[in-house]
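An overview of the molecular structure
So you can see what is in the structure, the chains are spelled out below.
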Amino acid sequence: MRVHQAYRYALDPTPEQAEALASHCGAARFVFNWGLARVKAALDQRDAERSYAVAEDQLTEVPWSLYSLRRSWNLAKGEAAPWWANNSKEAYNSGLDGVARGLKNWAASRTGTRAGKKAGFPRFKSKHRTTPACRFTTGTIRVEVDRHHLTLPRLGAIRTRESTRKLARHLERGTGRILSATVRLEGGRWVVALTCQIDRTQRTPALPGAVVGVDLGVKDLAVLSTGEVVANPKHHRTALRRLRRLNKQLARRVGPRTPDGGWHEASARWFKAKAALARVHARVANQRRDGIHKLTTRLASTYGTVVVEDLNVSGMLANRCLARAVADVGMGEVRRQLTYKTGWSGGRLVVADRWYPSSKTCSGCGAVKAKLPLSERTYECTGCGLVLDRDLNAALNLAALAADVAQSCGETLNACGGAVSPGVRARLAPVKRELPQGRTLPRQRGGSLVLTEKH
């Protein structure tokens, strides 16, 4: 199975190499702004020519594609940037490619041919607000034999902070090929992402016939239908005290903004405080990414079928009371990783419809409640008397949904095409939320939930 896979490594450049990396990223930002200014000037010229009744076929040509932008840059680079020979040509190609991609996304969004959030017209990149980045697609991009150095065009061999043995083994066997390398400055540390074409061996999960429902939440990161509860580490909440202190420290420094809204040169201590704040944010993001990778890899390699919900994460982020907690979980990232990892592991991913009432449905009898506020953490069924943790009840309903999918539309989600709609359970009439007589809350016995009765 041939896939596109990225390998991400932290770099340990020398001071000279770090300066060269910053120069390449600055050149990419400069040429991005140059290309965008050229496009906007051509568009304004066309509007002026239309006001003078110039024919459409005689209007000024707009350098819209990457080819036309690169041709315009080659003609003007001697005058626009006399220092252009100090950096690799890939730095300038990276900036122009960003302009071409932004224009293409904007045009496709206007015509309705692009899915997702509406894309706006590209904007100029600020030196202080843009993450320095540069992409290399041609030239010498090589992993050295010592597995601790990476060679990039015009930059030479740069030491990596960790071993590159996993990628080196694919390259030595001929099952991998490097397509591009993107360097970025994240939290004061240079990192490189190598986009590779990898021939992966066909694998099967450890339990190919097992089905697991995964209910994502804020209180717990995930509750599995097997009864396992994956705790939410709350990395951002843990670092919140330090983030507040650094934000106050940054506010006391002399920044680039003046009280009247103008701009002036920021102090060195302001840049120092800003770098310290960025390092804490980067650490929180890395901790969250590491935990999600470990969870999704374990689920995809263990269970043959994984069932998750199609959550409206952007809608939950609009709630100012839950936005911070929801963002700290990374629900969208969990589903994104499960999407490709289940395919790599030989399993399947079933995505329940967004309106499937997994939390309101009783996993025992299938009755659906009319309302279930978030404050009720225990599900109490008035039909069969089931008393269960609401997250575990939702996970059990998601696991049961996989059987309906297999009976209705084949073995995989791809055969159905899209998310799974609510089945018979979701169409049952809602019932009142009343606790049946003789029933109490469940108690733990041997790691499982046991229903108890009053005597």
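Scroll up for the structure.
These lines cover the structure that appears in this document, whether it is placed above or below. (Residues numbered from 1 in each chain as written. Predicted model: local features only at pLDDT ≥ 70, side-chain atom pairs only at ≥ 80, totals over all residues. Heavy atoms only, no water.)

1. Observations concerning the sheet that holds strand β7 (residues 189-199)
One open sheet accounts for four strands, arranged β1-β7-β6-β2; its pairing is antiparallel. Here the strands that pair on one side only, and so sit at the sheet edges, are β1 (2-10) and β2 (133-136). With direction set aside, neighbouring strand axes in the sheet form an average angle of 20°. As paired elements, β1 and β7 share nine bridges and run antiparallel to each other. Bridge pairing in β7 places Val3 opposite Ile198. Relative to β2, helix α1 (residues 15-51) is tilted by about 90°, and along the sheet it contacts β2, β6 (176-186) and β7. (Pairing = 2+ DSSP bridges. Helix = DSSP H or I, 4+ residues; strand = E, 2+ residues; numbered from the N terminus. Axes fitted to C-alpha atoms, helices over the stretch in contact; angles between N-to-C directions. Contact = heavy atoms within 4.5 Å.)

2. Notes on the packing of helix α6 (residues 240-252) against helix α7 (residues 268-302)
Two numbers describe how α6 lies on α7: the axes approach to 9 Å, and their chain directions differ by 160°. The angle between the axes of α6 and α7 places the two elements in the roughly antiparallel class. Taken as a pair, α6 and α7 cross one another with a handedness that is left-handed. Contacts from Arg242, Leu243, Leu246, Asn247, Gln249 and Leu250 of α6 reach α7 at Trp270, Ala273, Lys274, Ala276, Leu277, Val280 and His281. For the contact of α6 with α7, the class distribution of residues is eight nonpolar, three polar and two charged. (Parallel < 35°, antiparallel > 145°, perpendicular 65-115°, else oblique. Left-handed = near helix turned anticlockwise from the far one by under 90°. Nonpolar A, V, L, I, M, F, W, Y, C, P; charged D, E, K, R; others polar.)

3. What to know about the packing of aromatic side chains
In total, this model carries seven aromatic pairs according to the counting rule given. Taking the centre distance of 5.2 Å and the plane angle of 65° together, the rings of Phe30 and Trp83 count as edge-to-face. Residue Phe30 is found in helix α1, and its partner Trp83 is found in the loop between α2 (66-80) and α3 (89-111); the two are separated by 53 residues along the sequence. Residue classification places Phe30 among the partly exposed residues on the basis of a relative accessible area of 29%. Here Trp83 falls in the partly exposed class, since its relative accessible area comes to 34%. Seen in terms of ring centroids, Trp106 and Phe121 are 5.0 Å apart; in terms of plane orientation they differ by 85°. Their pairing is edge-to-face. Note that Trp106 is positioned in helix α3 and Phe121 in the loop between α3 and β2, a separation of 15 residues in sequence. By relative accessible area, Phe121 is classed as partly exposed at 26%. Put simply, the rings of Trp34, Trp73 and Tyr92 pair up and form one aromatic cluster. For Lys125, the ring lying beneath its charged end belongs to Phe32, and the centroid distance is 4.4 Å. We note Arg257 situated over the ring of Trp263; from NZ or CZ to the ring centre the distance is 4.7 Å. (Phe/Tyr/Trp six-rings, centres within 6.5 Å; stacked < 30°, edge-to-face > 60°. Buried < 20%, exposed > 50% of the residue type's maximum accessible area, 1.4 Å probe, protein only. Lys NZ or Arg CZ within 6 Å of the ring centre and 35° of its normal.)

4. A closer look at the nonpolar core
Counting residues in each nonpolar core, the largest one holds 43 residues, and the members touching the most others are Leu152, Leu167, Val183, Val192 and Leu194. Looking at this core, the element that brings in the most residues is α1, giving nine residues. If near-sequence neighbours (up to four positions away) are discounted, Val192 is found in contact with Tyr7, Arg8, Tyr9, Leu11, Leu150, Ala181, Thr182 and Val183. Counting 19 residues, the second-largest nonpolar core is a separate cluster that includes Val212, Leu216, Leu295 and Leu338. (Core = buried A, V, L, I, M, F, W, Y, C linked by side-chain atoms within 4.5 Å.)

5. Comments concerning the pairing of strand β4 (residues 149-152)
Here strand β3 (residues 142-143) runs beside β4; their pairing, made up of two bridges, is antiparallel. Considered in β4, the bridge of Val143 is made with Leu150. The turn joining β3 and β4, which pair antiparallel and follow one another in sequence, is formed by five residues; a positive phi near 60° is taken by Arg147. In this sheet, strand β5 (residues 156-159) lies alongside β4 in antiparallel orientation, the contact comprising four bridges. Looking at β5, one finds that Leu152 is bridged to Gly156. In textbook terms, the turn of a hairpin is the stretch between consecutive antiparallel strands, and for β4 and β5 this stretch comprises three residues, one of which, Arg154, has a positive phi near 65°.

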